Amino acid sequence: MVKFRYIHHACFILETETDAIIFDPFLDGNPAGITADDIKVSHVLVSHAHADHIGDAAAIAKHNKALLISTAEIAGWAESNDIKAHAMHLGGTHLFPFGKVRVTPAFHGSGIAGGHACGFIVDFYGTTIYFAGDTALFSDMRLLSELENIDYAVLPIGDNFTMGPSDALMAIKLLGVKKVIPIHYNTWPIIAQDPLKFKELAEESTNAKVFIVKPATSLELV
Ligand code: NI
Ligand code: MN
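Residues numbered from 1 in each chain as written. Chains lettered and ligands numbered in written order. Predicted model: local features only at pLDDT ≥ 70, side-chain atom pairs only at ≥ 80, totals over all residues. Heavy atoms only, no water.

Looking up the protein chain in an unreviewed UniProt entry gives the name UPF0173 metal-dependent hydrolase IAB06_06005, with the organism given as Candidatus Avacidaminococcus intestinavium. According to the UniProt record, the Sequence similarities (unreviewed entry) comment for the protein chain is "Belongs to the UPF0173 family." (UniProt positions renumbered as here; feature names shortened; annotations may be inferred.)

Given below as C-alpha cells:
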C-alpha cells in the first residue's frame, strides 16, 4: 500500500511500509513542525532550485545518505556539496529500486544557472504519480498520459507563480487523469485558493475525483 503524506506546499512523501521518497522538501513553516532530522527516506526528488522546493534537500539527503534525483544542474550542485546524486533531464527515464522515474518539462524558472524546471512521473511500487512541479499550463501535458499510465496527478493550483485553478482544470482535461491532488496553495496569502471550489468545478466538468489532502495528513493511494 502506497501512502501520499503531505507535509505542506509542494512537499510530500510517498511511502510504503519499507521505503519512502520525498519530493521538493521545503519544510519551513510546515504545520507539524517536521524538521530534516525527522525525515527518513531513500531518495530525494527536486523539481527546481527555488527555495520553496530545494528547501531542506541537502540536510535530508545527507543525514539519510539518500540519493538526490534531479536535473543535471541541481545534481551537480548536490555532488559539489558531498550529496550522492543522480542527474537526469527532461524526457529522460531511469529505473530506480522503487520504480521508474520520467522527468517531464515544467514551464517555470530553474533557480539555477543553465537549468530548466521539471516535473516527475514516478512509478512508486506500482502506483504512478505525475508531480507537475511548478509550471504553467502547457498543451503537451496531453502527451504525458500517452507515455505513462498516470494514476494520480499532483497539480499546483495556487496561481501567481504557477497554474491557478482554472488552468489546472484544463490540465486535468489534457491529462485525462481520474485522480487529482492539488498542492502549492494557501502557503502564503499570494497563493490563497479555495480547494473545495476547485474540487467542485473539476468534478462537475471532468471525469476526475479531486482529493484534498490537508498539510500534515496522509492519503492512501488506491
Ligand atoms: Ni518555483
Ligand atoms: Mn514554488
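## Overview of the coordination of the manganese ion (ligand 2)
Looking at the manganese ion (ligand 2), one finds its protein donor set to be D52 (OD), H53 (NE2), D134 (OD) and H184 (NE2), positioned 2.2 Å from the metal centre. When the donors of the manganese ion (ligand 2) are listed by position in the chain, the intervening gaps give D-H-x80-D-x49-H. The distance between the manganese ion (ligand 2) and the nickel ion (ligand 1) comes to 3.3 Å, and D134 binds to both of them. Here H184 lies in the loop between β12 (179–183) and α6 (195–205) and D52 lies in helix α1 (residues 51–54), a separation of 132 residues in the sequence. When its relative accessible area of 14% is taken as the criterion, D52 is described as buried. (Donors = N, O, S within 2.8 Å, 3.2 Å for Na, K, Ca; no water. Helix = DSSP H or I, 4+ residues; strand = E, 2+ residues; numbered from the N terminus. Buried < 20%, exposed > 50% of the residue type's maximum accessible area, 1.4 Å probe, protein only.)

## Considerations on the state of the cysteines
Counting across every chain of the model gives zero disulfides. Free of any disulfide, C11 has its nearest neighbouring cysteine sulfur in C118, separated by 15 Å. On the basis of relative accessible area, C118 is assigned to the buried category, the value being 0%. (Disulfide = S-S within 2.5 Å.)

## Some words on the packing of aromatic side chains
When we look at a pair of aromatic rings, we describe it by the centre distance and by the angle of the planes. With the rule as written, the count across this model stands at eleven aromatic pairs. Between F23 and F131 the ring centres are 5.7 Å apart and the planes differ by 80°, which places this aromatic pair in the edge-to-face class. Taken together, the residues span a long stretch of sequence, with F23 in strand β3 (residues 20–23) and F131 in strand β10 (residues 127–131) at a distance of 108 residues. F131 sits in the buried class, given a relative accessible area of 0%. Joined through ring pairs, the aromatic side chains of F4, Y6, F12, F23 and F131 make up one cluster. (Phe/Tyr/Trp six-rings, centres within 6.5 Å; stacked < 30°, edge-to-face > 60°.)

## A look at the coordination of the nickel ion (ligand 1)
Looking at the nickel ion (ligand 1), one finds its protein donor set to be H48 (NE2), H50 (ND1), H108 (NE2) and D134 (OD), positioned 2.1 to 2.4 Å from the metal centre. Counting along the primary sequence, the residues that act as donors to the nickel ion (ligand 1) give the motif H-x1-H-x57-H-x25-D.

## Considering the environment of K209
Relative to the elements of secondary structure, K209 occurs in strand β13 (residues 209–210). It is 9.7 Å that separates the C-alpha atoms of K209 and Y152, two residues lying 57 residues apart in sequence. Residues contacting K209, with those up to four places away along its chain left out, are K178, K179, V180, K199 and E203. (Contact = heavy atoms within 4.5 Å.)

## Notes on the side chain of H48
In this fold, H48 is placed in the loop between β4 (43–45) and α1. By relative accessible area, which is 0% here, H48 ends up buried. Engagement of the side chain of H48 in a polar contact is seen with the side chain of H50, the distance being 3.2 Å. A distance of 3.3 Å separates the side chain of H48 from the side chain of H108, its partner in a polar contact. Once residues within four sequence positions are removed from consideration, H48 is found in contact with H53, I54, I74, H108, G109, S110, A117 and D134. (Polar contact = N/O pair within 3.5 Å; in protein donor to acceptor, adjacent residues only side chain to side chain.)

## Some details on the nonpolar core
Grouped together as the largest cluster of nonpolar side chains are 30 residues, with contacts concentrated most on F4, L14, F23, F120, V122, I181 and L221. The leading source of residues in this core is strand β9 (residues 118–124), at four residues. Here F23 is in contact with A10, C11, F12, L14, L45, F120, V122 and F131, once residues within four sequence places are set aside. (Core = buried A, V, L, I, M, F, W, Y, C linked by side-chain atoms within 4.5 Å.)

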